[in-house]
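Here is how the chains run, residue by residue.
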Amino acid sequence: MPQPSALACVRCGTRYPIDHYAQDCPNCRTAGAPSNLTVVYDSQPGAGLSRSDVPRRPASLWRWDAFLPARADDAVSLGEGNTPLLPAPSLGLGDVWVKDESRNPTWSFKDRLASGALTMARRFGATVITSSSSGNAGAAAAAYAAKAGLPCVVFTFAGASPPLVAQMRAYGAMVVVVEDKADRWRFQSAGVRELGWYPTSPFFGPVVGSNPYGMEGYKTIAFEIAEAFDWEVPDWCVLPVCYGDALLGMWKGFEELKALGWIARTPRFVAAEVSGSIATAMASDAAMPPDHPRNAPSIATSIGASQGTVQALEVVRRSRGAAVAIDDDALARWVVTLGAKEGLWPEPSSVAPFAAIERLRAQGVIASDARVVALMTAGGLKDPAVIDTALPAAPLVRGGFVDVLKALRDVYGFSHG
Ligand SMILES: Cc1ncc(COP(=O)(O)O)c(C=O)c1O
Ligand SMILES: [Zn+2]
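J.: What is the right way to read the coordination of the zinc ion (ligand 2) from this model?
T.: Reference geometry at the metal: tetrahedral coordination by four donors gives ideal angles of 109.5 degrees; octahedral coordination by six donors gives 90 or 180 degrees. Protein coordination at the zinc ion (ligand 2): the donors are Cys9 (SG), Cys12 (SG), Cys25 (SG) and Cys28 (SG), at 2.2 to 2.4 Å from the metal. Here the zinc ion (ligand 2) is ringed by 4 donor atoms whose angles at the metal span 106 to 119°, and the overall shape comes out tetrahedral. Positions of the donor residues of the zinc ion (ligand 2), expressed as sequence spacing, correspond to C-x2-C-x12-C-x2-C. In this pair, Cys9 is assigned in strand β1 (residues 4-9) and Cys25 in the loop between β2 (15-16) and α1 (26-30), connecting sequence segments 16 residues apart. Using a relative accessible area of 0% as the deciding quantity, one classes Cys25 as buried.

J.: It is not clear to me how the sheet that holds strand β7 (residues 152-157) should be interpreted in this structure. Could you clarify?
T.: Within a beta sheet, neighbouring strands are joined by backbone hydrogen bonds and run either parallel or antiparallel to one another. As summarised here, the arrangement of the 4 strands in space is β8-β7-β6-β9, forming an open sheet in which the pairing is parallel. Of all the strands in the sheet, just β8 (174-178) and β9 (198-199) have a single pairing partner and so form its edges. Sheet topology places β7 next to β8; 5 bridges connect them, and they run parallel. Bridge pairing in β8 places Phe155 opposite Val176.

J.: Help me understand the site of ligand 1, please; the structure alone is not making it clear to me.
T.: Near ligand 1, the surroundings consist of 16 residues, among which Asn136, Cys242, Gly244, Ala246 and Thr377 are the closest. In the environment of ligand 1, an oxygen atom lies 2.8 Å from a nitrogen or oxygen atom belonging to the backbone of Cys242. Ala246 is positioned such that a nitrogen or oxygen atom in its backbone is 3.0 Å from an oxygen atom of ligand 1. The residue makeup of the shell around ligand 1, split by class, is 8 nonpolar, 5 polar and 3 charged.

J.: Sorry if this is basic, but what is going on with the packing of aromatic side chains here?
T.: Aromatic ring pairs are reported here in terms of the distance separating the ring centres and the angle at which the planes meet. A full pass over the atoms with the stated rule returns 15 aromatic pairs. Taken together, a centroid distance of 5.7 Å and an interplanar angle of 80° make the contact between Phe67 and Trp262 edge-to-face. Note that Phe67 is positioned in the loop between β3 (37-41) and β4 (85-87) and Trp262 in the loop between α7 (245-259) and β11 (268-273), a separation of 195 residues in sequence. A relative accessible area of 0% places Phe67 in the buried class. By relative accessible area, which is 6% here, Trp262 ends up buried. Ring centres of Phe155 and Phe187 lie 6.1 Å apart, and the angle between their planes is 40°; on these two criteria the pair is classed as tilted. Remark: Phe187 occurs in helix α5 (residues 181-195) and Phe155 occurs in strand β7; sequence separation between them is 32 residues.

J.: For this particular structure, what's the right way to read the side chain of Ser134?
T.: Here Ser134 shows up in the loop between β6 (129-132) and α3 (136-148). On the basis of relative accessibility, which here comes to 18%, the residue Ser134 falls in the buried class. For Ser134, the contacting residues outside a window of four places in its chain are Thr156, Phe157, Ala160, Leu164, Met168, Thr301 and Ser302.

J.: When you look at the packing of helix α2 (residues 110-123) against helix α6 (residues 212-228) in this model, what are you seeing that I'm missing?
T.: Direction vectors running N to C along α2 and α6 enclose 135°, while the axes themselves pass 6 Å from each other. Judged by the inter-axis angle, α2 sits oblique to α6. Both α2 and α6 take part in a crossing whose hand is right-handed. Residues Lys110, Arg112, Leu113, Gly116, Ala117 and Met120 of α2 form the contact with α6, whose participating residues are Tyr213, Gly214, Met215, Gly217, Tyr218, Thr220, Ile221 and Glu224. Partitioning the contact of α2 with α6 into residue classes produces 7 nonpolar, 4 polar and 3 charged.

J.: Sorry if this is basic, but what is going on with the pairing of strand β12 (residues 322-325) here?
T.: When a strand is regular, its side chains alternate between the sheet's two faces. Side chains Ala322 and Val324 of β12 all project onto a buried face; the interleaved residues Ala323 and Ala325 project onto the opposite face, where all are buried too. Two elements, β11 and β12, share 4 bridges in a ladder whose sense is parallel. Across the sheet, Ala272 pairs through a bridge with Val324, a residue of β12.

Each value, and the rule that gives it
Residues numbered from 1 in each chain as written. Chains lettered and ligands numbered in written order. Predicted model: local features only at pLDDT ≥ 70, side-chain atom pairs only at ≥ 80, totals over all residues. Heavy atoms only, no water. Donors = N, O, S within 2.8 Å, 3.2 Å for Na, K, Ca; no water. Tetrahedral: all angles 85-135°; square planar, octahedral: opposite > 155°, others 65-115°. Helix = DSSP H or I, 4+ residues; strand = E, 2+ residues; numbered from the N terminus. Buried < 20%, exposed > 50% of the residue type's maximum accessible area, 1.4 Å probe, protein only. Pairing = 2+ DSSP bridges. Near = heavy atom within 4 Å. Polar contact = N/O pair within 3.5 Å; in protein donor to acceptor, adjacent residues only side chain to side chain. Nonpolar A, V, L, I, M, F, W, Y, C, P; charged D, E, K, R; others polar. Phe/Tyr/Trp six-rings, centres within 6.5 Å; stacked < 30°, edge-to-face > 60°. Contact = heavy atoms within 4.5 Å. Axes fitted to C-alpha atoms, helices over the stretch in contact; angles between N-to-C directions. Parallel < 35°, antiparallel > 145°, perpendicular 65-115°, else oblique. Left-handed = near helix turned anticlockwise from the far one by under 90°.

Structure, rendered in structure tokens:
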């Protein structure tokens, strides 16, 4: 089994000790391109295992522990991962599949990050967990901290979606609301630097990305997709992107499978964002995505940051991918379409991939016969307000069944027979 031997800069490769997780790469920060670190192992992850040897148990992402920084027996787990990969033929987007991450324990893909981070937090002897989050990352940190028996402080914002804040509180986290988003960095870094709290999320700006051990959990999304397609990887993977943690994790996962010879090639990646920061950087040779507050504020609050990260840009560039800025009208339209046509209810951020695929297919960037996987990162109950603005209110009917039929016709345009 591989052991973490260093944390290496995503951009320049400089290696740091395995407990350097609460910092970034000083070299790249000085060079104006602050970059995250990623886990390096003492041997090739998965070495000695063959594809058919991957165990079916435990029923969590930890069945892939030969690729991860800890063993399944030592993991802080709530049964995350193993989410369905569903064909979505009714969307009119061609050969598109939905990796439905809303089936995770706290109903978002962030459980993979939280499981990885809390597992290593416990190993490093952490006494307090902390996260800054508009929602999903904080909810996941809260749940996994509870499972690990550790207190958790979550910094969130006035204006965060109420169900998400309720979720954090339900798992026993100490939730602190800030009015000015900059305060979260101030407060959280004081906790980390002065009191030794263990961060699962970014806690200083410009953001480089999240805890490197948490991001290892995202590799398993790639493993599950490759396995589900019998090791024939899709041509494209399209993700809603904020800091690009899942983008980096999935890319790394596919690269590891390729290094083992389990897959022949790796997919190209699309960053579906609201700010257009990565898209702007892609159009130049910029080392750092610019602060580019397009489409702000967006209904996609989970991916509302105005500046992309170096790690996201690196993956899009290295995979010969693309970045697309999505506006609110397209998000609202795709939330309604996914629900009505495929029986899936994503939160607004999580439909950004569908709007991106629509645009890239129309532009011929994604070929008409290409196979595409869209990552549906979280479920709609997290942030349901869009339904009230995008769909008619449910009519209150009094009287007889004839009035029901009239309401169905008037409100929904439905006539029976
Ligand atoms: C639902 C949802 N989708 C996408 C993202 C973007 O994640 P990442 O930072 O991995 O790009 C987030 C969180 O930031 C999220 O909560
Ligand atoms: Zn570096």
